[in-house]
Amino acid sequence: DAKTTQPTSMDCAEGRAANLPCNHSTISGNEYVYWYRQIHSQGPQYIIHGLKNNETNEMASLIITEDRKSSTLILPHATLRDTAVYYCIVRASRGNTGKLIFGQGTTLQVKP
Amino acid sequence: SAVISQKPSRDICQRGTSLTIQCQVDSQVTMMFWYRQQPGQSLTLIATANQGSEATYESGFVIDKFPISRPNLTFSTLTVSNMSPEDSSIYLCSVGPITSGRARDTQYFGPGTRLTVL
């Protein structure tokens, strides 16, 4: 599976959009980009995933560049409860083949 | 999404003993995984629990230390054997994909078991 690079930490003001970048320059054609977050002392929570098209759900939007070498997770209106470690993970294909391998993630601090 | 429960939620154990952690999911799932998260660290995959066969372990993890069972599509156990203080971690069960529906491509995590070894 391709490796990802994320900033170690970011701050965001409450109510503003939080934009979390991720580089995955070695991603291959059958690999999806997944985003999870882990709020302190809890199990990781699935946020969103995509292959090449932009995706949006009730939690966030995922913007993937045309060359698929990077992506951005957008939390449109960050709240204090969004303070967490955010993990960008590249995983091979769909179905029952790929394992989720976690990097160090980005610690997002949402401030009042 | 899947509802995943783990037992126990936390435990304090003595050095040299063993602890078995249970993972139960409310839907049939193809894959079940066990992760470890040491204090202040990210998650590390221990093994994939295979239904009806031996688990597949990642580099650095062995069956004698972390025996795993998976008797059916909704249940798995992880045993941490002959524990030492270095085994103090959060142990997380993860499942996926769900065998039907839109969530097929997604992997979900349990709440974790917080283990302290004295």
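With that out of the way, let us pick up the side chain of A:H49. With respect to the helices and strands, the residue A:H49 is situated in strand β4 (residues 45-50). A polar contact is formed between the side chain of A:H49 and the side chain of A:Y46, at a distance of 2.6 Å.

This part is about the sheet that holds β4(A). Residues and elements named next belong to chain A. Read across the sheet, five strands follow the order β1-β9-β8-β3-β4 without closing on themselves; strand pairing throughout is mixed. Every interior strand has two partners, whereas the edge strands, β1 (9-13) and β4, have only one. Across the sheet, the axes of successive neighbouring strands diverge by a mean angle of 25°, strand direction being ignored. Of the strand pairs in this sheet, β1 and strand β9 (residues 106-111) are connected by five bridges, and their pairing is parallel. Counterpart to C12 in the pairing with β9 is V110.

A common way to state how big an interface is: give the accessible area lost once the parts meet. On the chain A side, the residues contacting the 21 residues of chain B number 21 residues. Put simply, chain B and chain A have zero salt bridges between them. Remark: the boundary between chain B and chain A carries five residue pairs in polar contact (both at pLDDT 80 or more). Among the elements of the structure, β4 (29-37), β5 (44-49), β9 (89-98) and β10 (108-109) of chain B are those that each provide at least two residues to the side of chain B that touches chain A. With five residues, β4(B) is the largest single contributor of residues to the side of chain B that touches chain A. Looking at the side of chain B that touches chain A residue by residue, the classes come out as 10 nonpolar, seven polar and four charged.

Turning our attention to the side chain of A:S61. Mapping A:S61 onto the fold places it in strand β6 (residues 61-64). Polar contacts involving the side chain of A:S61 include one to the side chain of A:T56, which spans 3.1 Å.

As a further point, take the pattern of salt bridges. Within this structure, the stated rule accounts for three salt bridges over all chains. In this structure, A:R37 engages A:D82 in a salt bridge whose closest nitrogen and oxygen atoms are separated by 2.8 Å. Of this pair, A:R37 sits in strand β3 (residues 31-38) while A:D82 is found in the loop between β7 (70-75) and β8 (84-92), placing the two residues 45 residues apart along the sequence. Each of the two residues, A:R37 as well as A:D82, counts as buried. B:K65 is paired through a salt bridge with B:D87; the nearest N and O atoms lie 2.6 Å apart. Of this pair, B:K65 sits in the loop between β6 (56-57) and β7 (68-72) while B:D87 sits in the loop between β8 (75-80) and β9, placing them 22 residues apart in sequence.

Quick notes on the rules
- Residues numbered from 1 in each chain as written.
- Chains lettered and ligands numbered in written order.
- Predicted model: local features only at pLDDT ≥ 70, side-chain atom pairs only at ≥ 80, totals over all residues.
- Heavy atoms only, no water.
- Helix = DSSP H or I, 4+ residues; strand = E, 2+ residues; numbered from the N terminus.
- Polar contact = N/O pair within 3.5 Å; in protein donor to acceptor, adjacent residues only side chain to side chain.
- Pairing = 2+ DSSP bridges.
- Axes fitted to C-alpha atoms, helices over the stretch in contact; angles between N-to-C directions.
- Contact = heavy atoms within 4.5 Å.
- Salt bridge = Lys/Arg side-chain N within 4 Å of Asp/Glu carboxyl O.
- Nonpolar A, V, L, I, M, F, W, Y, C, P; charged D, E, K, R; others polar.
- Buried < 20%, exposed > 50% of the residue type's maximum accessible area, 1.4 Å probe, protein only.

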